[in-house]
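So the chains spell out like this:
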Amino acid sequence: MEAALIAASDGHRTKLMELLTGTDDERVSIVINKLDLATELFTQMQAEDENRLEILRVVLSGLDEIAGTYSLFQTARDKVVAWAGRQFGELSVSVTGREVLATLERAPDLRTQLVVFRRLHKLDPVPEWLGFIRESLSQKCADELIEHLKKRDNPGGLESPGYLIYFLSTFGLAEPSTKAIKMGLESGTFTIADVAARFVRHSNLSTPGADNPRLDEFGQDEFDRLVPACEDEWYDKPVEAVESSDLSWENRRRYAAGRAKRPGQRDNDGV
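Values in this document were obtained by computation on a predicted structure and should not be read as measured data.

Opposite charge on two side chains makes pairing possible when the charged atoms of those side chains draw close. Under the defined criterion, the tally for this structure stands at 17 salt bridges. A salt bridge links Glu-48 to Arg-52; the shortest N-O distance between them is 2.5 Å. Placement of both Glu-48 and Arg-52 in helix H5 (residues 48-61) is noted, with a separation of 4 residues, approximately one turn of the helix. Judged by relative accessible area, Arg-52 falls into the buried class, the value being 0%. A network of salt bridges, in which partner residues are shared, links Arg-152, Asp-153, Asp-194 and Arg-253.

Here we take up the packing of aromatic side chains. Tallied over the full model, the rule gives 7 aromatic pairs. Between Phe-117 and Phe-167 the ring centres are 5.4 Å apart and the planes differ by 75°, which places this aromatic pair in the edge-to-face class. Linking Phe-117 in helix H8 (residues 110-120) with Phe-167 in helix H10 (residues 162-170), this pair joins segments that are 50 residues apart in sequence. Residues Tyr-166 and Phe-171 carry aromatic rings whose centres are separated by 5.9 Å and whose planes lie at 75° to one another, so their mutual orientation is edge-to-face. The ring of Trp-249 carries Arg-252 above its face, with NZ or CZ at 4.1 Å from the centroid.

So, on to the nonpolar core. One finds Leu-16, Leu-20, Phe-88, Val-195, Phe-223 and Trp-234 to be the most contacted residues of the largest nonpolar core, which totals 71 residues. If one sorts the elements of this core by residue count, helix H9 (residues 130-150) sits on top with 7 residues. Filtering out sequence-adjacent residues up to four positions away, Val-195 remains in contact with Leu-149, Ile-181, Leu-185, Phe-190, Phe-223 and Val-227.

Moving on to the environment of Leu-104. With respect to the helices, strands and loops of the structure, Leu-104 is situated in helix H7 (residues 97-104). Under the relative-accessibility criterion, Leu-104 is labelled buried at 0%. The contacts of Leu-104, once residues within four sequence positions are left out, are Leu-60, Phe-88, Gln-113, Val-116, Ile-133 and Leu-137.

Our next topic: the environment of Thr-191. Counting through the fold element by element, Thr-191 comes out in the loop between helix H11 (175-187) and helix H12 (192-197). In this view, Thr-191 contacts Arg-152 and Leu-185; residues no more than four positions away in its chain are not counted.

Our focus in this paragraph is the packing of helix H6 (residues 76-89) against H8. Interhelical geometry of H6 versus H8 gives an angle of 55° and a closest axis separation of 8 Å. When the axis of H6 is compared with that of H8, the two are oblique. In the packing of H6 onto H8, the handedness of the crossing is right-handed. Across the interface between the two elements, Arg-77, Val-81, Ala-82, Gly-85 and Phe-88 from H6 touch Thr-112, Val-115, Val-116, Arg-119 and Leu-120 from H8.

In this structure, the amide linkage connecting Asp-124 to the following residue, Pro-125, adopts the cis form with an omega of 5°. As for its position among the elements, Pro-125 is in the loop between H8 and H9. Even without being glycine, Arg-152 reaches a positive phi, approximately 55°. Structurally, the position occupied by Arg-152 is in the loop between H9 and H10.

Here the focus is the side chain of Arg-134. The topology assignment puts Arg-134 in helix H9. With no salt bridge to any partner, buried Arg-134 finds its closest opposite charge in Glu-135, at an N-O distance of 9.1 Å.

We now examine the environment of Phe-218. Within the secondary structure, Phe-218 is located in strand S4 (residues 210-218). Note on Phe-218: relative accessible area 10%, which makes it buried. Sequence-wise, Phe-218 and Ala-197 are 21 residues apart; in three dimensions their C-alpha atoms are separated by 8.6 Å. The residues touching Phe-218, leaving out its near neighbours within four places in the chain, are Ala-196, Phe-199, Val-200, Phe-223, Tyr-255, Ala-256, Arg-259 and Ala-260.

Between its first and last C-alpha atoms H6 spans 20 Å; for 14 residues at 1.5 Å apiece the expected length is 20 Å, and the two agree. Burial of H6 is extensive: 11 of the 14 residues sit out of reach of the surface. Considered for burial, the residues of H6 that qualify are Ala-76, Arg-77, Lys-79, Val-80, Val-81, Ala-82, Trp-83, Ala-84, Gly-85, Gln-87 and Phe-88.

About the thresholds
By convention here, each chain's residues receive numbers from 1 onward along its written sequence. Given that this is a predicted model, residues contribute local features only at a pLDDT of at least 70 and side-chain atom pairs are listed and counted only at 80 or more, while totals for whole chains, interfaces and linings are drawn from all residues. No hydrogens and no water enter the side-chain calculation; it runs on all heavy atoms of the structure. The salt bridge definition used is simple: a Lys or Arg side-chain nitrogen within 4 Å of an Asp or Glu carboxyl oxygen. Runs of H or I in DSSP of at least four residues are treated as helices and runs of E of at least two as strands, each being numbered from the N terminus. Each residue's exposure class comes from its accessible area (1.4 Å probe, protein chains only) as a fraction of the maximum for that residue type: buried when under 20%, exposed when over 50%, partly exposed otherwise. Geometry of aromatic contacts follows a simple scheme: Phe, Tyr and Trp rings, the Trp one being its six-membered ring, pair when their centres are within 6.5 Å, and the pair is stacked under 30 degrees between planes, edge-to-face over 60, tilted otherwise. Throughout this description, the term charge over a ring refers to an Arg CZ or Lys NZ atom that lies within 6 Å of the ring centre and within 35 degrees of the ring normal. Nonpolar cores were defined as sets of buried Ala, Val, Leu, Ile, Met, Phe, Trp, Tyr and Cys residues, with membership established by side-chain atoms within 4.5 Å. Contacts are assigned to residue pairs with any non-hydrogen atoms lying within 4.5 Å of each other. With axes taken as lines fitted to C-alpha atoms, and helix axes fitted only over the stretch in contact, angles between N-to-C directions fall between 0 and 180 degrees. Any angle from 65 to 115 degrees is called roughly perpendicular, while one under 35 is roughly parallel, one over 145 is roughly antiparallel, and all others are oblique. Throughout, a crossing is termed right-handed when the near helix is turned clockwise from the far one, and left-handed when it is turned anticlockwise from it by less than a right angle. Under this rule, positive means Lys or Arg and negative means Asp or Glu; His and the chain ends count for nothing. Here a helix's expected span is defined as the number of its residues, less one, multiplied by 1.5 Å.

Scope: geometric values only; no functional claims are made or implied.
Following this line, the structure appears as structure tokens:
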């Protein structure tokens, strides 16, 4: 294990990833538990921060390779993400936000970067670079959300933006998305109905042998936080009866009509 960690800290990923992607679940679980040995190893090395960042780059870039291995109630991937969060917390104060961001960006995609951030968000004491990471990820999320909105009812292969909205409204900064949505509305790139459609939630009604997703709620709290207040006659539309099993963006627009309130309206109404 020590040899694999030392090799990974020098950028050689093969040994460590072989251990983390094995088919023996129990063995993989033991390997993950031993990853915390990295803390002790790195404190004995010169250039401790760079070694720690390099092994984080190796592990984060390989997260998709270990996603399917389970250990008790957590996946191997979950445990590695938790370990990565602890390792970020061990970095010295000399490490910059840009160095941390460059390492975090080795994760396979934005969704995974946000999952790792949820671990960083819990660090105590709070690193000086955390604000920079939050700001950077918030901008990325806003950019992705706008790309989805530009496609209106036909986003093609773009992933549903619910995870972006969750991050922005729970951990991130609202300003980047609020500004971008305002610009898109004013330019006519998309409508307030298109925006509201992205805040319609759905749940799965499981039956033997199948999942049956259904539209079931409008996320008004998140809408209030991320969407700029504007006057639009769309808000005066009545509630429509819709087919709840239809998850298309056109149908979500119809579902949001009459259910979405102008941001801040509930406060004005005393709700």
